[in-house]
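Structural features, examined
Residue strings, one per chain:
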There are 2 protein chains.
Amino acid sequence: MSTTITPEQFVCPTPAPPGDRVQLGHGSGGKLSAALLRERFLPQFTDDALAQLGDAAVVGIGRSEIAISTDSFVVSPLEFPGGNIGSLAVHGTLNDLAMAGARPLYLSAGFILEEGLPLDVLDRVIAAMAEAASAGGVRLVAGDTKVVERGKADGIFVNTTGIGVCRPDFAPAASRALPGDAVIVSGPIGRHGIAIMSAREGLGFEAEVTSDCATLYPLVERLRAALSGDVHVLRDPTRGGVASALNEIAAASGVGVLLEEDTLPVPGAVAAACEMLGLDPLYVANEGIFVAFVPPALAEDAVDAMRMHHLGRFARIIGHATDRHPGMVVLRTALGGTRIVDMLPGDQLPRIC
Amino acid sequence: MSTTITPEQFVCPTPAPPGDRVQLGHGSGGKLSAALLRERFLPQFTDDALAQLGDAAVVGIGRSEIAISTDSFVVSPLEFPGGNIGSLAVHGTLNDLAMAGARPLYLSAGFILEEGLPLDVLDRVIAAMAEAASAGGVRLVAGDTKVVERGKADGIFVNTTGIGVCRPDFAPAASRALPGDAVIVSGPIGRHGIAIMSAREGLGFEAEVTSDCATLYPLVERLRAALSGDVHVLRDPTRGGVASALNEIAAASGVGVLLEEDTLPVPGAVAAACEMLGLDPLYVANEGIFVAFVPPALAEDAVDAMRMHHLGRFARIIGHATDRHPGMVVLRTALGGTRIVDMLPGDQLPRIC
């Protein structure tokens with residue numbers, strides 16, 4: 001049996017060029033994300049507080065200054081060694097408040113559920129959220145649930161929005177780094193991203209890497225108290241890792257950053273997994289560490305104070321800010337050479353948070 | 001060619017019974033939604049402010065009382081007559097704050113984008129959000145964007161979380177209705193749901209119905225001023241429509257509600273579409289009206305004040321609260337009979353907001 005092909009059937013559908021459509025890399029936290037923000041969102045959303053592009057926005061309510069942070073979580077898989085999307089969604093947003101120097105107080109949670117999701121998975125996610133909120137000392141006060149048809153979402157997406165209260169004497173910001181500042185990292189690098197990757201691909205690494213997913217406010221509070229608030233910058237290096245966080249700080253402050261490779265706390269299992277997967281640990285996501293820029297004279301005090309807290313016991317100085325190469329992050333390698341640590345254009349690992 | 005069927009191939013995969021999985025009706029705003037909340041979320045999320053189940057949670061910051069509301073929007077299609085997911089996401093959350101008696105101040109927005117989304121659609125959504133925020137007098141101060149692979153979301157999902165400031169002399173709440181209260185509706189019923197339905201199905205109704213999507217705070221402010229704050233209940237009848245909102249109020253206050261069918265402001269085009277689609281306008285979603293319970297002696301003043309505002313020009317009394325049938329909503333039909341207006345078990349129209 002033969003069929004007649006009409007001329008219409010010869011016409012190829014012309015797909016829009018990729019430049020006209022959302023790409024996965026737009027969600028990477030790298031250069032494409034920054035371009036999407038700069039070209040699409042910021043021309044319309046022109047508020048000064050938003051334009052700061054901090055981890056949280058700082059605004060006034062009555063006589064109080066509050067910090068507001070929002071984050072949607074789309075991590076895949078939903079459950080991974082060291083946590084699940086629920087604990088991640090709580091810690092992630094509370095940490096953004098803490099990075100702005102605020103004490104987290106309240107949290108809202110908005111769920112988008114896919115039809116067919118097993119309710120026992122939802123139960124575990126909810127339980128993890130409740131536990132994380134309790135550990136973080138915050139009240140989960142508002143919620144919302146939507147359901148979409150099978151195949152229109154991916155199990156669970158969660159948005160959390162947090163509200164914290166600021167202190168008048170403590171205002172770390174990405175724009176406040178000064179040449180000479182010591183750059184401190186509060187703990188081992190790369191655990192969250194590698195934990196997700198290993199859960200996703202079912203890779204059998206020799207040693208299991210668990211996510212570092214944790215609430216950082218108590219550790220920030222130790223640091224603040226030890227330095228009487230004299231902390232210039234705090235940032236949690238999530239999507240895009242330590243490299244992206246430092247690039248953002250360098251750009252916002254107009255300083256350079258020089259990192260010493262042999263001081264970077266990369267756990268052996270993370271290093272091994274990165275080598276196997278062809279990843280650079282500096283770009284791998286973290287969910288339970290921060291980088292801090294502090295005056296050089298206070299750097300040792302800062303590290304000592306942080307090491308007194310279990311989340312900061314591996315805190316160390318990994319470099320310093322400099323006026324030599326403003327806006328640029330440079331790594332001095334163990335062999336004595338240097339290389340530029342740029343922002344990634346797109347994804348290293350999509351859907352990491 | 002014949003193939004051998006092994007015994008394993010006879011084994012039917014046993015799907016989990018529907019009761020163990022999320023169903024579309026869990027997102028309906030009806031009985032299944034209430035069950036999900038009661039059985040899954042509230043046993044873990046035990047905060048008093050959340051347990052009120054108001055449109056917004058009211059909590060303290062310093063010396064101020066603030067209202068917090070969060071909502072995720074999954075409306076399909078993304079654009080419809082009278083608005084798009086962006087304007088809906090802003091108005092919807094601001095209205096929840098207004099229903100708690102708060103003046104909306106700040107807004108956050110979290111986007112989940114599907115790979116392949118045309119950027120011009122995103123541009124229109126962002127522009128509509130900016131315009132709606134500006135019209136609502138609020139600052140959009142915090143944002144976040146995630147991208148998921150093609151087929152793992154549906155174009156755009158948006159979460160908005162709003163923060164408003166409460167007045168000491170104005171605290172409407174679903175639990176404060178009293179027998180005798182007049183029940184007022186601020187405008188025509190059923191426009192949003194029918195607009196979505198007609199856009200979704202490509203139905204050619206004779207007269208186009210546009211969504212009523214609008215910010216209600218200015219109208220609430222008129223009402224508050226006219227009644228010196230003596231407004232018992234405010235609620236915007238979104239998912240589940242006027243019927244579900246009134247059932248929630250009846251349950252929370254322990255009063256009955258008697259509606260007079262011939263007073264219900266159902267536009268002709270909505271009534272025609274509902275008849276064609278087999279829908280009851282009382283269950284159809286609205287995004288630009290509210291129901292108010294006010295003392296009977298103030299009811300006429302309330303209606304007069306609301307009619308001075310363009311969004312309230314069709315405001316009218318549609319019934320009253322009674323101690324006759326506590327917790328139950330009853331409709332007196334145009335023919336003089338009565339019927340119970342119950343909560344729907346599940347969906348009338350999924351993904352309406």
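Bear in mind that the values here come from a model prediction, so they are computed numbers and not experimental data. (Residues numbered from 1 in each chain as written. Chains lettered and ligands numbered in written order. Predicted model: local features only at pLDDT ≥ 70, side-chain atom pairs only at ≥ 80, totals over all residues. Heavy atoms only, no water.)

Quick notes on the overall build of chain A
The secondary structure content of chain A amounts to 10 helices and 14 strands. For 353 residues, the compact-globule estimate of 2.2 N^0.38 gives 20 Å, and chain A sits close to it at 21 Å. Projected onto its principal axes, the C-alpha coordinates of chain A cover approximately 85 × 50 × 50 Å. Relative to its full complement of 353 residues, chain A shows a buried share of 58%. Here chain A displays about 13,900 Å² of accessible surface, and carbon together with sulfur accounts for 52% of that area. The average position of the 26 basic charges and that of the 40 acidic charges among the side chains of chain A differ by 3 Å. (Helix = DSSP H or I, 4+ residues; strand = E, 2+ residues; numbered from the N terminus. Rg over C-alpha atoms; globule rule 2.2 N^0.38 Å. Buried < 20%, exposed > 50% of the residue type's maximum accessible area, 1.4 Å probe, protein only. Areas by Shrake-Rupley, 256 points an atom, 1.4 Å probe, with all protein chains shown as cover. Lys, Arg positive; Asp, Glu negative; His and termini not counted. Charge placed at Lys NZ, Arg CZ, Asp CG, Glu CD.)

Describing helix α10 (residues 299–307) of chain B
All names here are of chain B. A299, A302, V303, A305 and M306 are the residues of α10 that are buried. Mapping the buried residues of α10 onto a view down its axis gives an arc of 165 degrees, with all of them on the same face. Looking at the buried residues of α10, the elements they touch are β8 (182–185), α7 (217–226), β11 (291–294) and β12 (316–322). (Arc of directions from axis to C-beta. Contact = heavy atoms within 4.5 Å.)

Structural notes on the domain arrangement of chain A
Residue and element names in this part refer to chain A. Here the domain parsing of chain A yields domain 1 (56–166) and domain 2 (174–340). Computed from C-alpha atoms alone, the centre-to-centre distance between domain 1 and domain 2 is 24 Å. Counting residues at the interface gives 21 residues for domain 1 and 20 residues for domain 2. Counting the surface lost from both domain 1 and domain 2, the interface buries some 1,700 Å², and carbon and sulfur atoms represent 66% of this. Its largest share of buried area at the contact with domain 2, domain 1 owes to P81, N95 and M99, together 37% of the area lost on that side. Between the two partners, domain 1 and domain 2, sit 0 salt bridges. For the interface between domain 1 and domain 2, the tally reads 6 residue pairs in polar contact (both at pLDDT 80 or more). Of all the secondary structure elements, the ones that give two or more residues to the side of domain 1 that touches domain 2 are β3 (79–80), α4 (85–99) and β5 (102–114). Here the side of domain 1 that touches domain 2 takes 9 residues from α4, the largest share from any one element. When its residues are assigned to classes, the side of domain 1 that touches domain 2 shows 11 nonpolar, 7 polar and 3 charged. (Domains from an automatic or database assignment. Buried area = accessible area lost by both parts, 1.4 Å probe. Salt bridge = Lys/Arg side-chain N within 4 Å of Asp/Glu carboxyl O. Polar contact = N/O pair within 3.5 Å; in protein donor to acceptor, adjacent residues only side chain to side chain. Nonpolar A, V, L, I, M, F, W, Y, C, P; charged D, E, K, R; others polar.)

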